[in-house]
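Coordinates in review
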Amino acid sequence: MSFSDLLGQLPRVFTYYNLLLLGQAALTTLLLSAFGCIVGLVFGLLLALARRSHARLLLPLKAFAFIYVEILRRVPFLVTLMLFFFGSQVLGFDLAPLTIALISTSVISTAFVSEIIRAGLDAVKQSQIEAATVMNFGFWQTLRLVVLPQAWPVILPPIFSYFVLFIKDTALASQAGVLELVQAGRILTTKGFSAFIVFGAVLLLYFVISYPLARLGSHLESRLGVSRHSRARRPIS
Amino acid sequence: MYLDIRGLAARYHELQVLDGIDLSISRGEIVSLIGPSGSGKSTLLRAVTGLLPPERGTVSIGGEEIDYKDRRSLRAARSRLAIVFQQYNLFGNMTVLQNAVVAPVKIRGRSRAEVEAEARDLLARVGLGDKLDAYPDQLSGGQQQRVAIVRALCLKPEILLLDEVTSALDPERVSEVLDTIRLLAAEHITMLIVSHEMSFVRDVSHRVAFMAEGRVLEIGPPEQIFDAPQVQRTRDFIDKISRK
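Model, not experiment: these values are computed from the prediction. The residue numbering used here restarts from 1 in each chain and proceeds along that chain's sequence as written. A letter from A marks each chain and a number from 1 marks each ligand, given out in the order of writing. Residue-level local features of this predicted model are given only where pLDDT is at least 70; pairs of side-chain atoms are given and counted only at 80 or more, and the full residue set underlies all totals for whole chains, interfaces and linings. Hydrogens are left out, water is left out, and the side-chain values use all remaining heavy atoms of the structure.

1. A closer look at the overall build of chain B
Check the secondary structure of chain B and you find nine helices and 10 strands. Expressed as lengths along the three principal axes of its C-alpha atoms, the size of chain B is roughly 50 × 45 × 35 Å. Of all 244 residues assigned to chain B, the portion counted as buried reaches 59%. Contacts are assigned to residue pairs with any non-hydrogen atoms lying within 4.5 Å of each other. Expressed as a percentage of contacts within chain B between residues at least 6 apart in sequence, the contacts between residues at least 24 apart total 65%. Note on areas: Shrake-Rupley with a 1.4 Å probe; residue coverage comes only from the protein chains shown. Summed over its atoms, the accessible surface of chain B is roughly 10,300 Å², and 46% of this surface lies on carbon and sulfur atoms. Here Asp and Glu are counted as negative and Lys and Arg as positive; His is not counted, and neither are the chain ends. Working definition for charges: the position is that of NZ of Lys, CZ of Arg, CG of Asp or CD of Glu. For chain B, the distance from the average position of its 32 positive side-chain charges to the average position of its 33 negative side-chain charges is 4 Å. Helix and strand definitions here come from DSSP, where helices need a minimum of 4 consecutive H or I residues and strands a minimum of 2 consecutive E residues; each element is numbered from the N-terminal end. Three labels apply to residues, based on accessible area from a 1.4 Å probe with only protein chains included: buried if under 20% of the type maximum, exposed if over 50%, partly exposed otherwise in between.

2. Notes on the nonpolar core
Phe137(A), Leu44(B), Leu160(B), Ile181(B) and Met191(B) are the most contacted members of the largest nonpolar core, which has 87 residues in total. Of all the elements, helix 3 (residues 96-107) of chain B adds the most residues to this core, at eight residues. For the domains described, the bounds stem from an automatic or database domain assignment. Looking at which domains feed residues into this core, each of domain 1 (3-80 + 158-243) and domain 2 (88-156) of chain B gives three or more. Excluding anything up to four places from it in sequence, Leu160(B) contacts Ala82(B), Val84(B), Ala152(B), Leu153(B), Leu184(B), Ile189(B), Thr190(B), Met191(B) and Leu192(B). The nonpolar core is taken to be a set of buried Ala, Val, Leu, Ile, Met, Phe, Trp, Tyr and Cys residues, with the residues joined through side-chain atoms within 4.5 Å. Judged by nonpolar contacts, the second largest core, of 42 residues, contains Leu49(A), Phe77(A), Ile117(A) and Val198(A).

3. Considerations on the pairing of strand 6 (residues 81-84) of chain B
Residues and elements named next belong to chain B. Here strand 6 shows a buried face lined by Leu81 and Ile83 and a second buried face lined by Ala82 and Val84. A strand pair is defined by DSSP finding two or more bridges across the two strands. Here strand 6 pairs with strand 7 (residues 159-163) via four bridges, running parallel. Residue Ala82 lies in a different strand from strand 7, and its bridge partner there is Leu160.

4. Quick look at the environment of Trp140(A)
Note on placement: Trp140(A) falls in helix 7 (residues 139-169). Along the backbone, Trp140(A) and Ala25(A) are 115 residues apart, and their C-alpha atoms lie at a distance of 40 Å.

5. Overview of the domain arrangement of chain B
All names here are of chain B. Segmentation of chain B into domains returns domain 1 (3-80 + 158-243) and domain 2 (88-156). The centre of domain 1, based on its C-alpha atoms, is set 24 Å off from the matching centre of domain 2. Taken together, the contact pairs 17 residues of domain 1 with 15 residues of domain 2. Buried area between domain 1 and domain 2, summed over both chains or domains, comes out near 1,200 Å², and the portion from carbon and sulfur atoms is 63%. In the sections that follow, a salt bridge refers to a side-chain nitrogen of Lys or Arg positioned within 4 Å of a carboxyl oxygen of Asp or Glu. Applying the counting rule to domain 1 against domain 2 returns zero salt bridges. The term polar contact refers here to a pair of N or O atoms within 3.5 Å; inside protein, the definition further demands a hydrogen-donor-capable atom paired with an acceptor-capable atom, and it admits residues adjacent in sequence only when both atoms are side-chain atoms. The interface formed by domain 1 and domain 2 contains two residue pairs in polar contact (both at pLDDT 80 or more). Sorting the residues of the side of domain 1 that touches domain 2 by element identifies helix 2 (71-78) and helix 6 (171-185) as the ones contributing at least two each. By residue number, the principal contributor to the side of domain 1 that touches domain 2 is helix 6, which donates seven residues. Once two parts are put together, the accessible area they lose, assessed with a 1.4 Å probe and summed over both, is termed the buried area.

6. Focus on the pattern of salt bridges
Residue and element names in this part refer to chain B. Under the criterion given, the structure shown has 25 salt bridges over all chains. Residue Arg11 pairs with Glu55 through a salt bridge whose shortest N-O separation is 3.0 Å. With Arg11 in strand 1 (residues 3-12) and Glu55 in the loop between helix 1 (41-49) and strand 4 (56-61), the pair connects residues that are 44 residues apart, well separated along the chain. Relative accessible area serves as the criterion here: at 31%, Arg11 is assigned to the partly exposed category.

7. Here's the deal with the packing of helix 4 (residues 112-125) of chain B against helix 5 (residues 141-154) of chain B
All names here are of chain B. Here an angle of 0 to 180 degrees is reported between the N-to-C directions of two axes, which are lines fitted to C-alpha atoms, with helices fitted over the stretch in contact. Relative orientation of the contacting elements helix 4 and helix 5 amounts to 145 degrees, with a least axis distance of 10 Å. For helix 4 against helix 5, the interelement crossing comes out right-handed. Only Val147, Val150, Leu153 and Cys154 of helix 5 make contact with helix 4, whose side of the interface consists of Ala119, Leu122 and Leu123. Per-class residue counts for the contact of helix 4 with helix 5 are seven nonpolar, no polar and no charged. Crossing chirality is assigned from the near helix's rotation relative to the far helix, an anticlockwise turn below a right angle marking it left-handed and a clockwise turn marking it right-handed. Ten residues, namely Ala, Val, Leu, Ile, Met, Phe, Trp, Tyr, Cys and Pro, are considered nonpolar, four, namely Asp, Glu, Lys and Arg, are considered charged, and the remaining ones, Gly among them, are considered polar.

8. Quick look at the side chain of Arg78(B)
Structurally, the position occupied by Arg78(B) is in helix 2. Despite being buried, Arg78(B) has no salt bridge partner; Glu130(A) is the closest side chain of opposite charge, sitting 9.1 Å away. A distance of 2.8 Å separates a polar atom in the side chain of Arg78(B) from the backbone oxygen of Thr49(B). Excluding its chain neighbours within four sequence positions, the residues that come into contact with Arg78(B) are Thr133(A), Val134(A), Asn136(A), Thr49(B), Gly50(B), Leu51(B) and Arg108(B).

9. Quick look at the interface of chain A and chain B
In this complex, chain A contributes 24 residues to the contact, which on the side of chain B involves 28 residues. With both sides pooled, the region where chain A packs onto chain B buries about 2,400 Å², and carbon together with sulfur makes up 55% of that total. If you look at where chain A meets chain B, you find one salt bridge. Two residues, Arg46(B) and Glu130(A), come together in a salt bridge whose shortest N-O distance is 2.7 Å. Inspection of the chain A/chain B interface yields seven residue pairs in polar contact (both at pLDDT 80 or more). For the side of chain A that touches chain B, the secondary structure elements donating two or more residues are helix 6 (126-134), helix 7 and helix 9 (195-231) of chain A. For the side of chain A that touches chain B, the leading source of residues is helix 6 of chain A, giving seven residues.

10. Points about the sheet that holds strand 4 of chain B
Residues and elements named next belong to chain B. Taken in spatial order, the four strands make up an open sheet running 2-1-4-5, and their pairing is antiparallel. Of all strands in the sheet, those bounded by a partner on one side alone are strand 2 (15-25) and strand 5 (64-65). Across two bridges, strand 4 lies against strand 5 in antiparallel orientation. The residue bridging Ser60 from the neighbouring strand is Glu65, located in strand 5.

Put into structure tokens, the structure is as follows:
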């Protein structure tokens with residue numbers, strides 16, 4: 001197929017209904033990514049806190065967090081997806097493919113994000129926590145006022161890199177029949193449209209979704225931590 | 001006695017660091033702890049604050065015994081104490097002023113305006129009135145330590161614990177911090193000081209306690225400890241540091 005043939009096909013590829021299909025698929029990709037990131041952040045933080053806890057009462061939760069993170073970080077996303085897909089059938093749950101994909105992405109994202117957050121929390125010196133403790137800061141006050149603000153500069157760069165990778169991983173949800181961007185691309189190519197044009201459009205849509213996230217990450221990094229500490233290392237005399 | 005420590009023992013895992021400490025301090029008194037490294041001086045301060053829960057023995061403040069296993073009792077005790085650490089431990093994410101006011105405002109619930117006014121005044125008195133918006137990593141060690149002292153004072157403690165506050169500083173910065181502590185001494189704040197600055201200890205303390213192997217071996221006025229120690233171990237220590 002020549003370049004002029006490709007150009008000639010453009011109007012037929014980007015019809016209203018095909019654009020609608022791609023738009024819908026892009027929204028599904030965005031939903032999977034955003035849901036996975038948000039759930040990952042919330043539960044990842046809770047699991048990271050559980051893993052760092054020394055309270056005897058939280059020991060079962062600590063053990064659960066350890067096993068959860070250590071196993072799920074080492075399992076390919078596709079395997080987790082298939083496990084939930086077939087597991088739900090075996091257990092008799094009638095779940096939509098999108099629901100299964102949302103659960104799977106959240107489960108995987110929680111494991112990865114938890115480990116990134118734990119490393120960030122560990123980077124804050126114990127002496128900072130001790131200073132807060134002797135001034136009667138409670139656990140959540142220490143976390144909110146002292147630990148998290150100092151951990152963010154360590155947490156943010158890897159977490160946003162992970163989120164960008166994670167958006168690409170959501171493509172695997174197509175294996176469970178979810179109509180996301182890759183699946184939409186496949187549908188359009190089976191209709192006889194040029195795979196080059198279709199997947200070129202899919203590529204652009206992935207970029208449109210992931211680029212703002214990467215920019216947000218850079219913005220937060222500079223705002224929340226790195227810029228302040230790199231502004232002046234020398235003592236102000 | 002205001003701060004009364006009886007038979008206090010504490011250990012780091014298998015290592016017995018405090019082995020039956022007896023020490024009493026009156027209100028407004030300044031007592032300094034001296035002794036060789038590893039004698040348990042800093043550990044004693046950590047044990048009193050509950051950062052290292054004591055194994056046995058009792059600590060009372062103003063006649064109220066601290067139950068280190070009871071969170072409420074420990075919180076009550078900590079609200080009467082403040083500690084200044086050797087490594088300052090200022091919160092790196094907060095400015096000088098925020099470091100000084102965060103606990104009184106967020107934990108004690110005092111008015112921000114009132115605490116800020118006090119903090120500004122104290123910071124000005126220790127020569128840091130122009131550093132209110134600086135972050136700890138923009139300050140020298142001596143400046144950070146003075147901020148740490150101001151932060152402790154903003155808590156209005158009944159007892160101030162100072163843990164080797166000059167040992168992480170360059171020699172030229174030491175006097176800045178010692179002058180600040182002298183200012184406090186003049187205001188009759190009860191203090192328990194761990195220090196290796198012997199001339200400062202002699203100058204500022206009402207009593208000096210010599211510690212070795214996790215025990216207080218001798219306690220008395222600075223003149224007794226430095227000029228006429230009663231215990232051989234104290235005498236050896238004083239002889240050794242005098243030769244340096």
